[in-house]
Amino acid sequence: MLVGVGIGSAAAMPASVAVTWVLKDGLGVLGSMSAVAWLGTRFDAEPKRTRFVADILHNIGVGLELLTMVAPGFFLALTTLANTFKGTAGIFSGATRTMIYASLSLRENVGDVTAKGHSQARAGYLIGMAAGIGITSLVGYLTTATAAPLLIIYGVMASVHLAASYLSLTRLHFSLFNEQRLCIVLAHYFRHLSTTAPPATPLASPTPTVSAVLRPTDVREHILLPSRLKYAPHSPTIHFGSSVSAAFQLPDHNTHTTNSTHNNNNNTQAATIQSAVSLYYNDRYLLHHNTEHNRLHVVLREDVTPHDMLKAYYNAYFLAATQQHTTTTTTSTTATTTTQAERAAHQHTTQHFAQFEEAARASGWRTDIYLPPRTTHTQHRAAWGDLLLSNLPTHTKSLRD
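Residues numbered from 1 in each chain as written. Predicted model: local features only at pLDDT ≥ 70, side-chain atom pairs only at ≥ 80, totals over all residues. Heavy atoms only, no water.

Peer 1: Whenever I open this one, the environment of Glu65 confuses me. Can you help?
Peer 2: Among the structural elements, Glu65 can be located in helix H3 (residues 47-70). Given the relative accessible area of 14%, Glu65 is considered buried. As a C-alpha pair, Glu65 and Phe75 span 10 residues in sequence and 8.5 Å in three-dimensional space. (Helix = DSSP H or I, 4+ residues; strand = E, 2+ residues; numbered from the N terminus. Buried < 20%, exposed > 50% of the residue type's maximum accessible area, 1.4 Å probe, protein only.)

So this is what it looks like as structure tokens:
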């Protein structure tokens, strides 16, 4: 970067060099703050993926800094992008470091693990600095004539760094459920139940054993590939924390329809909502399967707890698994069968969720905390009560979030 900014060149003005250097730091900080505000919503729910993304961003930033040797005329743009990537990587890495250290502290000794982690990082920094000095002395002074060897060496070292980071993350295990870990555990659990149940009753519920629930060390999360969230390829997509409007496709106030069409839609939607509220009245969530888009919406009540979230996802995943079985054994799915499937899944959850929870705790999982996906459609909460059940058609608007 010193060559790119003009140091060592007789034509470079000291004031210009200083201003450019300060600008690239300031703009880089602003860029990293903007990136975190836009992307930083999954630090707790996806620590492995976030940490690996941080390593990728850091390597991209270092590569952009090296490119200033080749294109010094674009120094400010390249270094601003480089600082943005490196600053974002630093924030992502720091945000996930606490959870990673906590998972490694088997005796509640987070402080000791953190101190050793920082010591290892400092040792690696010193080793890397020494290696960098040695490599630089081998390829000569930092000029455009020797940029190609440096870029080749950088590519090799960055590849080694990412490979080592990936392997280390695959050996990292968490005892808290996030969406992907819970889906992997539930898929194995329900398949275990289906193989031990009579053929005429798929996904029946014999008394589960601890072996039916994968241990945290047996779960293989996807870090690079998309998360493993579906029971089967054609299973409904679970939208956790949906709004009532999105779940039941309530019409927009600005949409103009005829009175008869509006009344018919309102009555149909009111009946659907009332049926769902009646079924899940004693729970802090409700489900609705949108068969048109093959989406399974989970609406959370305003007083929902992490335990309720875990139960809600169990119910939704079981329903998705049974809907997959229904769609593969019948040519069509009517509204009646969908309602029957929802009632059957709710009955199964009411009767057997406690057994799954007990088996999960025995396998080493913490069931008092659930880390839901932090996206735009998971922030909604709703409320329902006796007023809605007694006079729902005139109070449908009160269900809006």
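Peer 1: How do you make sense of the environment of Ile153 when you look at a structure like this?
Peer 2: By secondary structure assignment, the location of Ile153 is in helix H6 (residues 147-170). Residue classification places Ile153 among the partly exposed positions, given a relative accessible area of 27%. As a C-alpha pair, Ile153 and Ile135 span 18 residues in sequence and 8.5 Å in three-dimensional space.

Peer 1: I tried to follow helix H4 (residues 75-104) on my own but got confused; where do I start?
Peer 2: Since the α-helix advances by 3.6 residues per turn, residues separated by three or four positions end up pointing in the same direction. Helix length check: H4 (30 residues) gives 41 Å between terminal C-alpha atoms against 44 Å at 1.5 Å per residue, within 8%. Of all the bends in H4, the greatest, near 35°, is centred on Arg97. (Expected span 1.5 Å × (residues − 1). Bend = angle between axes of the 7 residues up to and from the residue.)

Peer 1: I tried to follow the packing of H3 against H6 on my own but got confused; where do I start?
Peer 2: A pair of packed helices is characterised by two quantities: the angle between their axes and the separation of those axes. Orientation of H3 relative to H6, taken along the N-to-C sense of each, is 175°, at an axis distance of 10 Å. On the basis of the axis angle, H3 is roughly antiparallel to H6. Looking at the contact of H3 with H6 residue by residue, the class counts come to 16 nonpolar, 5 polar and 3 charged. (Axes fitted to C-alpha atoms, helices over the stretch in contact; angles between N-to-C directions. Parallel < 35°, antiparallel > 145°, perpendicular 65-115°, else oblique. Nonpolar A, V, L, I, M, F, W, Y, C, P; charged D, E, K, R; others polar.)

Peer 1: Would you mind showing me how to read the pattern of salt bridges here?
Peer 2: Should the charged atoms of two oppositely charged side chains come close, the side chains can pair. The final tally for this structure, using the stated rule, is 11 salt bridges. Across the pair Lys48 and Glu221 runs a salt bridge, and its minimum N-O distance is 3.5 Å. Note that Lys48 is positioned in helix H3 and Glu221 in the loop between helix H7 (179-196) and strand E2 (237-240), a separation of 173 residues in sequence. In terms of burial, Lys48 and Glu221 fall into one category: buried. (Salt bridge = Lys/Arg side-chain N within 4 Å of Asp/Glu carboxyl O.)

Peer 1: I tried to follow the nonpolar core on my own but got confused; where do I start?
Peer 2: In a soluble, globular protein the nonpolar side chains are often hidden away together inside. In terms of nonpolar packing, the biggest core is built from 55 residues, with Phe190, Tyr313, Tyr317 and Phe356 touching the most fellow members. Sorting the residues of this core by element identifies H7, E2, helix H8 (244-248), helix H9 (259-279), strand E3 (285-290), strand E4 (295-300), helix H10 (306-329) and helix H11 (335-362) as the ones contributing at least two each. With 11 residues, the top contributor of residues to this core is H10. Ala45, Met99, Leu176 and Ile223 belong to the second-largest nonpolar core, a separate cluster that totals 10 residues. (Core = buried A, V, L, I, M, F, W, Y, C linked by side-chain atoms within 4.5 Å.)

Peer 1: I tried to follow empty space enclosed by the protein on my own but got confused; where do I start?
Peer 2: The probe, sized like a water molecule, is rolled over the atoms to show the empty space still left. Counted under the stated rule, the structure contains 1 cavity of 30 Å³ or more. Put simply, the largest cavity is a space of about 30 Å³. Lining of the largest cavity is provided by Lys48, Leu172, His173, Phe174, Arg181, Pro216, Val219, Glu221 and Trp365. Of the residues contributing to the lining of the largest cavity, the split by class is 5 nonpolar, 1 polar and 3 charged. (1 Å grid on protein atoms, 1.4 Å probe; cavity = no way out; pocket = protein on both sides within 12 Å on 5 of 7 lines; lining within 4 Å. Points joined across faces, edges and corners; volume = space filled by probe spheres on them.)

Peer 1: Explain the layout of surface pockets here, please?
Peer 2: Each pocket or cavity is described by its volume, and for the largest pocket that value is around 2,300 Å³. His58, Asn59, Gly124, Tyr125 and His161 are, among the 50 residues lining the largest pocket, the residues nearest its centre. At the level of elements, helix H1 (2-5), H3, H4, helix H5 (110-139) and H6 are the ones that each hand at least two residues to the lining of the largest pocket. Among the elements that line the lining of the largest pocket, the one with the most residues is H5, at 16 residues. Taken together, the residues that form the lining of the largest pocket break down as 28 nonpolar, 14 polar and 8 charged.

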